[in-house]
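Topology and contacts: notes
Spelled out, the chains give:
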Amino acid sequence: MRTDERFPVEPWSVREVGLDHASLAQSESLFALSNGHIGIRGNLDEGDPNGLPGTYLNSFYETRPLPYAEAGYGYPESGQTVVNVTNGKLIRLLVDDEPLDLRYGTVESHERVLDLRRGLLERELVWRSPAGARVRVRSTRLVSLTRRSIVAIDYCVEPVDARVRVVAQSELVANEHTPPQSGDPRVTAVIENPLEAVEHGCEGLRALLVHRTRASKLLMAAMMDHVVDATAADLVTEVTAHPDWARLTLSTALSPGEALNLTKFVAYGWSSQRSVSALRDQVAAGLLNAREAGWEAVVAEQENAFTDFWAGADVELDGPPEIQQAVRFGIFHAYQAGARAEQRAIAAKGLTGTGYDGHAFWDTESFVLPLLSATAPDAAADALRWRATTLDLALERAGTLRLDGAAFPWRTIRGHECSAYWPAGTAAVHVNADIAVAAARHLWWTGDEDFGRHCALPIFVETARLWMSLGYDGDDGCFHIDGVTGPDEYTALADDNTYTNLMAAQNLRAAADAVRRWPGEYEVSRDEPKAWLRAAETMAVPYNVTLRVHEQSRGFTSHEKWDFERSAREEEYPLLLHAPYFELYPRQVIKQADLVLALHWAGEAFTAEEKARAFAYYEPLTVRDSSLSACTQAVLAAEVGHLDLAADYLAEAALMDLRDLEHNAKDGLHIASLAGGWLALVAGFGGMRDSGEHLLFRPQLPPGWQRLHFSVRPRGQRLHVDITPDRVEYSVDGDEAVDLTHCSGRRTAEITVKPGKPVTRTWRPVRPLTPTPSPPPGREPRSLAFDQPSSARDTGSGGGGKGRSTKRR
């Protein structure tokens, strides 16, 4: 079955028609629900069949040793892996003693709908048992945004045409069997039976399980309660609890027109410090409040919460309907990944699966938080406050590495470094600037003084100190940072990675500005801010004079180019699974946007001509073996005027999981790529930049589009940007005016938009300064017709040449 047949294109929902058993794990990821604290995969109510069972609590993990053939100083000793916790989704059904299992009997109809506007997952099924009994099952589930600890499920079964006896079994199950994983290093480690029983009990329609992880000693509790409404008179109930499972059983006979209705509430909680009794009381209180409020009230709260979010976050377009659906899907998942995380991490997969062991990377700060700071600032603030709570661990890690300041981890759950491969882990120090710059960006968007003083300032200062101990003043008068790995993990341990250097310069400036803004709030010597500013102003930015192009790192453009024709011919992508790193590192081949990422987030360091030449040079070298790349290439393709190419990359970023372009959505969604769909539209075709004193927009439309409308929330105001052919309207909902810069082509104008007084301006598309470059052979963007790659495009020539370092403009 084709993807578009399984998931019809609808503007506000993802609907699955039928059930494809071979793609069950992908569907479970797509239909995952979360509030940033609890995540539940879209497993079927009855549990079987499944692709990957999953229920997760943010930052609830087990530790495991990291094996090394040869250990080295400073190597992390243990890793952290997300744990599949007690499953409270399960509601099994027996019909005249036949278990409901879609592998048996006849599935007459089956449909699931993820309602993006309301935050609900709905299911309707008509099933004929092997013995011929027919039942209709309807269920709706949610993970509450307003009641952080609560999962709620409404379940109804009714006979279709004859009297049947049904038995419903609502369960809590710990230590579920997890299927074996592949050898792909991006997939999680499997920890069997990670939970040891601590306490269990049941009473009435309620049951409790309390467990502790065996090594990390984290404690968790899950409690379920029910409201039962059965039209039949002979309902029998039984509840039982055991160390690893608890079950409520309901048995009754139903005639046509009668139904068994079951509302299930599940409360989750966990702690590394609290007692068993405290955790038990916590989930009991949350459960009682939800049960007393009732299903309708909990649903109404959910709908209201999403209505408020979408009012300042929605993107509307008059263009391909597939993009409209995919971008809303991406915004939805990025938001729910952090909505109620409350000082916990936003992982690369959110809480949708176990990929990457449930770790958070720099993806969060560089791709997800730009969306959340502009649309859901409370969620963004929580993610950054989590980083601040791990500052002590970052200071300790820097000390281990014999560095000053703070060294934040490349990948982590709790805040400890968990990367066992240091050239693509510890050496990727740009993560520290990514965090600091995200904090600076959030401070600009919100103006939150308390956040600035108590969260951003310590991060700014300690990461600035890191850069000063990492870098040095060279004989050429430039500040150099050597031996680091930038975003491109196919080029490790490089000198003067341009992205790293320019982001470090932003970090250093933010630190100096914050110390000046809040004097005395954090202990800093008088000379430190001066040194930070001097290093930022003299930061080395490698440039190849002959090619007239900035280098990704010093000497990069002199390396031998990768044999892309061979890799395409032999189907070697992703290269990390087919080529050794010692073959990748010394060649010009780029896993994901690196220098091009610098063109986006440090764009003020480059002229328009330099951006155009750099994009043309690096596009044929970038193989996009990372889902993080397409959105950035879309943003820059739009900025330099290659609008068709930008639209293709937008489609790839937005459709990454809906079309399972990387064939690994089964392990969880690519949250950063999904947020990247928003970036491609808002920063790409909207041209939004937030690095100056106020917002800048350079509006354009992809060919054939008639409208693009989006909203953002600067300083608590709702700014609406409505782009139509040749014109754009800016309007504000709120009580304060918003200052912005409007760009048309290469011209700019300063505008003040007052509440209730829209401002309209004309726009012209950017005129390309180079021919549209071609991606590497076989790596054309997977556009809307991704099985028919975009046609090859003209490209400029390249070659070697001498390099030099220049000071940042």
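Cut-offs applied
- Residues numbered from 1 in each chain as written.
- Predicted model: local features only at pLDDT ≥ 70, side-chain atom pairs only at ≥ 80, totals over all residues.
- Heavy atoms only, no water.
- Pairing = 2+ DSSP bridges.
- Helix = DSSP H or I, 4+ residues; strand = E, 2+ residues; numbered from the N terminus.
- Buried < 20%, exposed > 50% of the residue type's maximum accessible area, 1.4 Å probe, protein only.
- Axes fitted to C-alpha atoms, helices over the stretch in contact; angles between N-to-C directions.
- Core = buried A, V, L, I, M, F, W, Y, C linked by side-chain atoms within 4.5 Å.
- Contact = heavy atoms within 4.5 Å.

Moving on, we come to the sheet that holds strand β8 (residues 91–95). Read from one edge to the other, the open sheet built from five strands follows the order β9-β8-β14-β19-β18, with strand pairing classed as antiparallel. Single-partner strands in this sheet number two, and they are β9 (98–99) and β18 (236–242). The pairing of strand β14 (residues 164–173) with strand β19 (residues 245–254) spans ten bridges and is antiparallel. Bridge pairing in β19 links V164 to L254.

Quick look at the pairing of β14 now. Successive residues of a regular strand alternate their side chains across the two faces of the sheet. Counted residue by residue, β14 has nine buried out of ten residues, so it is predominantly covered. Looking at chain direction, β8 and β14 are connected through five bridges and run antiparallel. Following the sheet pairing, I91 is matched in β14 by S170.

The strand order across the open sheet built from three strands is β28-β32-β33, with neighbouring strands paired in mixed fashion. Two strands bound the open sheet, and with one partner strand each, they are β28 (695–697) and β33 (747–753). Along the sheet, successive strands turn relative to each other by an average axial angle of 25°, direction set aside. Two strands pair when backbone bridges link them, and strand β32 (residues 738–744) and β33 are joined in this way by seven bridges, in the antiparallel orientation.

Take the nonpolar core next. By size, the foremost hydrophobic cluster in this structure holds 222 residues, and its most contacted members are L372, Y618 and W678. Leaving out residues up to four positions away in the same chain, W678 has contacts with A313, V315, I331, P370, L371, A374, T375, A683, M688 and V712. Ranked by size, the runner-up nonpolar core spans 20 residues in total, among them L120, V210, L219 and L279.

Most of the time, phi is negative for any residue but glycine, and the peptide bond is trans. A cis amide bond links D48 to the next residue, P49, at an omega of -5°. A cis geometry characterises the amide bond from Y573 onward to P574, with omega recorded as -5°. Within the secondary structure, P574 is located in the loop between α13 (564–569) and α14 (581–584). In this structure, D357 is a non-glycine residue whose phi angle is positive, near 65°. Considering the arrangement of structural elements, one finds D357 in the loop between α5 (321–338) and α6 (363–375). You can call D357 buried: its relative accessible area is 6%.

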